[in-house]
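Working through the structure, step by step
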Amino acid sequence: PMAIPPAAPVPEPNWDAVRSSFPLLVSGAAESPELLYFDSAASSQKPEPVLSALDNFYRHDNANVHRGLYALSARATDAFENARATVASFFGAASPRDVVFTSGTTAAINLVAHSWGRANLKPGDRILLTELEHHSNLVPWQLLAAQTGAQLVFVPVLGPCGTLDESALDDLLTPDVKLFAFTHISNSLGTINPAAAWCARARSLGITTLVDGAQSAGHIPVNLASLGCDFYAFSGHKMCGPTAIGALIARPGLLDAMPPFLGGGEMIESVSFLQSSWREAPWRFEAGTPPIAQAIALAAACRYLDSIGLDHIAARDATLTAALKSSLASIPGLRIVGPPHERGSLVSFVMDQAHPHDLVTFAGEKGLCLRGGHHCTQPLMRKLALPGTVRASLYFYNSFDEINAATRILADAGRYFA
Ligand code: PMP
């Protein structure tokens, strides 16, 4: 047989051309034609191929999936299941059958808590989390702990640098830990956790791992085979896809061993008045009509990101973030929190002279979209004794001109509030 040549690397794109495929970035918003969108960690903007995938589905292919015996429904079903295969291959999952479509990261984590958690945890078991977690990767475990008698323990954060105390892991990874759930990249401070090393360590101790990939999906190359986690959760809307779609991706075989969480149509094999049997995974976990158009458009987002190349995206994110960080550092009274070197594509900061909400409001009036507050990490902010932070978050479509403009606005804010 002929050897398959390795795929040619994708050349670095022209970033101005890339940016021009995001209509909202080109036209600006109704309130601010000079839109400076620095809130991609909350939700990314959407490129043309994703918009047209949504539009095309509803215009040409719209029907419910999995139950129609007519050609249109069969075509919708194929498109939906092909989307699952695209998502699986984008993340290096072993098989499409390991991918459960959910409404996003939050729903994916709750699915694990309800299904895997209730089946596997008993009083005295421990769930290991970190102090960096988004409420989405904290509150579901609090609810589960209350139901099962399991206990929550936390890897401590070392300070406003946002680094976790790895040495504490030696004491924390005890035999009664059944689950280690942690964020890949912190949405609040930008910390990048050594996810592959932690998963390997937990696995060697028989501990199940869940990686919250909300901020890593679509930003850095993620290959689940090398990441080595048991569960990976992400949201499509933060990686150029539509809202209300994301997935839980599991290690092969794990889903089949888990009981259903939501009951209803589509997830059953056979139903009688008193009992039912379930379909195999992943469909067992997709009760009701799924987000069909959204899944298809998420696959379009995966193809779009692949066409640019995740390596280029990660490098572009890093270059923009380094520029933003050094530019903001020049503003008097502005203090950057989070890791000194490697960080996700965001800069979190406080300003001596102004509360985060006042700064964000001031910036918003100039068309600069920032986020201010606790970023769904209230316990972390309390621990760091911060009133919240202002977060400027970037994606590959931002530009150096925008960074200069944003810095001028924040420098003005510093003088205004002084
Ligand atoms: N985890 C992290 C780290 C996040 O940044 C977010 C979104 N801010 C979530 C979980 C929740 O994602 P979603 O709201 O899309 O479910």
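Reference entry: report on the structure contained in this document. Just so we're clear, the structure is a prediction, and the values are computed from it rather than from any experiment. (Residues numbered from 1 in each chain as written. Predicted model: local features only at pLDDT ≥ 70, side-chain atom pairs only at ≥ 80, totals over all residues. Heavy atoms only, no water.)

Regarding its fold elements, the protein chain presents 14 helices and 15 strands. Here the protein chain has a C-alpha radius of gyration of 22 Å; the compact-globule value for 418 residues is 22 Å, and the two agree. C-alpha extents for the protein chain along the principal axes are approximately 70 × 55 × 50 Å. The burial tally for the protein chain puts 56% of its 418 residues in the buried class. Of the contacts made within the protein chain by residues no fewer than 6 positions apart, 71% connect residues no fewer than 24 positions apart. (Helix = DSSP H or I, 4+ residues; strand = E, 2+ residues; numbered from the N terminus. Rg over C-alpha atoms; globule rule 2.2 N^0.38 Å. Buried < 20%, exposed > 50% of the residue type's maximum accessible area, 1.4 Å probe, protein only. Contact = heavy atoms within 4.5 Å.)

Okay, the sheet that holds strand β14 (residues 371-373) next. Paired through backbone hydrogen bonds, the strands of a sheet run either parallel or antiparallel to each other. The strand order across the open sheet built from four strands is β11-β12-β15-β14, with neighbouring strands paired in antiparallel fashion. At either end of the open sheet lies a strand with only one pairing partner, and these are β11 (334-337) and β14. This sheet shows a mean twist of 30° between the axes of neighbouring strands, independent of strand direction. Relative to strand β15 (residues 389-393), strand β12 (residues 346-351) runs antiparallel, the two sharing four bridges. Note that in β15 the partner of Ser348 across the bridge is Arg391. Relative to β14, helix α12 (residues 356-365) is tilted by about 160°, and along the sheet it contacts β12, β14 and β15. (Pairing = 2+ DSSP bridges. Axes fitted to C-alpha atoms, helices over the stretch in contact; angles between N-to-C directions.)

Okay, the site of the ligand next. Lining the immediate surroundings of the ligand are Thr105, Thr106, His134, Ser136, Thr183, Asn187, Asp212, Ala214, Gln215, Ser235, His237 and Lys238. Within the side chain of His134, a nitrogen or oxygen atom sits 3.3 Å from a nitrogen atom of the ligand. Between the ligand and His237, the relevant distance is 2.8 Å, taken from an oxygen atom to a side-chain nitrogen or oxygen of the residue. A breakdown of the residues in the shell around the ligand according to their chemical character gives one nonpolar, nine polar and two charged. (Near = heavy atom within 4 Å. Polar contact = N/O pair within 3.5 Å; in protein donor to acceptor, adjacent residues only side chain to side chain. Nonpolar A, V, L, I, M, F, W, Y, C, P; charged D, E, K, R; others polar.)

Of the positions making up helix α6 (residues 139-148), those classed as buried are Pro140, Trp141, Leu144, Ala145 and Thr148. Along the axis of α6, the buried positions cluster into a sector of 135°, meaning they face one direction only. At its buried positions, α6 is contacted by α5 (105-120), β3 (126-130), β4 (151-155), β5 (177-183) and β6 (208-212). (Arc of directions from axis to C-beta.)

Next up on the list: the packing of aromatic side chains. If you walk through the whole model with that rule in mind, you get 21 aromatic pairs. Taken together, a centroid distance of 6.3 Å and an interplanar angle of 35° make the contact between Tyr232 and Phe234 tilted. A relative accessible area of 0% places Tyr232 in the buried class. Summarising the aromatic geometry, the rings of Tyr395 and Phe396 are spaced 4.5 Å apart at their centres and angled 65° between planes, so their arrangement reads as edge-to-face. You'll find Tyr395 and Phe396 in the same group, each marked buried. One aromatic cluster is present, built from ring pairs that chain together Trp15, Phe22, Tyr304, Tyr395, Phe396 and Tyr397. Here the basic side chain of Lys366 rests over the ring of Phe362, its NZ or CZ set 4.1 Å away from the ring centre. (Phe/Tyr/Trp six-rings, centres within 6.5 Å; stacked < 30°, edge-to-face > 60°. Lys NZ or Arg CZ within 6 Å of the ring centre and 35° of its normal.)

On to the side chain of Ser73, then. With respect to the element layout, Ser73 can be found in helix α4 (residues 71-90). You can call Ser73 buried: its relative accessible area is 0%. If sequence neighbours within four positions are ignored, Ser73 has contacts with Ala63, Asn64, Val65, Arg67 and Gly68.

Our next topic: the pattern of salt bridges. Enumeration over the complete set of coordinates arrives at 16 salt bridges. Across the pair Arg59 and Asp55 runs a salt bridge whose closest N-O atoms are separated by 2.7 Å. Taken together, the residues Arg59 and Asp55, both in helix α3 (residues 48-61) and four residues apart, mark about one turn of the helix. A residue is classified by how much of its surface remains accessible, and Arg59, at 60% relative accessible area, is exposed. Among the residues examined, Asp55 registers a relative accessible area of 36% and is labelled partly exposed. The shortest N-O distance in the salt bridge between Arg97 and Asp256 comes to 3.5 Å. With Arg97 in the loop between α4 and β2 (99-102) and Asp256 in the loop between β8 (246-250) and β9 (268-271), this residue pair connects regions lying 159 residues apart in the sequence. By relative accessible area, Arg97 is classed as partly exposed at 33%. (Salt bridge = Lys/Arg side-chain N within 4 Å of Asp/Glu carboxyl O.)

Here the focus is the pairing of β4. In this structure, β3 lies alongside β4, joined through five bridges in parallel fashion. Each residue of the ladder has a partner; that of Ile127, found in β4, is Leu152. Viewed along the sheet, the connection from β3 through α6 into β4 turns out right-handed. (Right-handed = clockwise from strand over helix to strand, strands pointing away.)

Taken in spatial order, the seven strands of this open sheet run β2-β8-β7-β6-β5-β3-β4, and their pairing is mixed. Sheet topology places β2 and β4 at the edges, where each strand pairs with a single neighbour. Here the average twist between neighbouring strands, direction ignored, is 20°.

In this chain, Ala281 is followed by Pro282 through a cis amide linkage whose omega measures 5°. The topology assignment puts Pro282 in the loop between β10 (276-278) and α10 (292-308). Unusually for a residue other than glycine, His375 sits at a positive phi of about 55°. One can find His375 in the loop between β14 and α13 (378-383). Relative accessible area serves as the criterion here: at 8%, His375 is assigned to the buried category.

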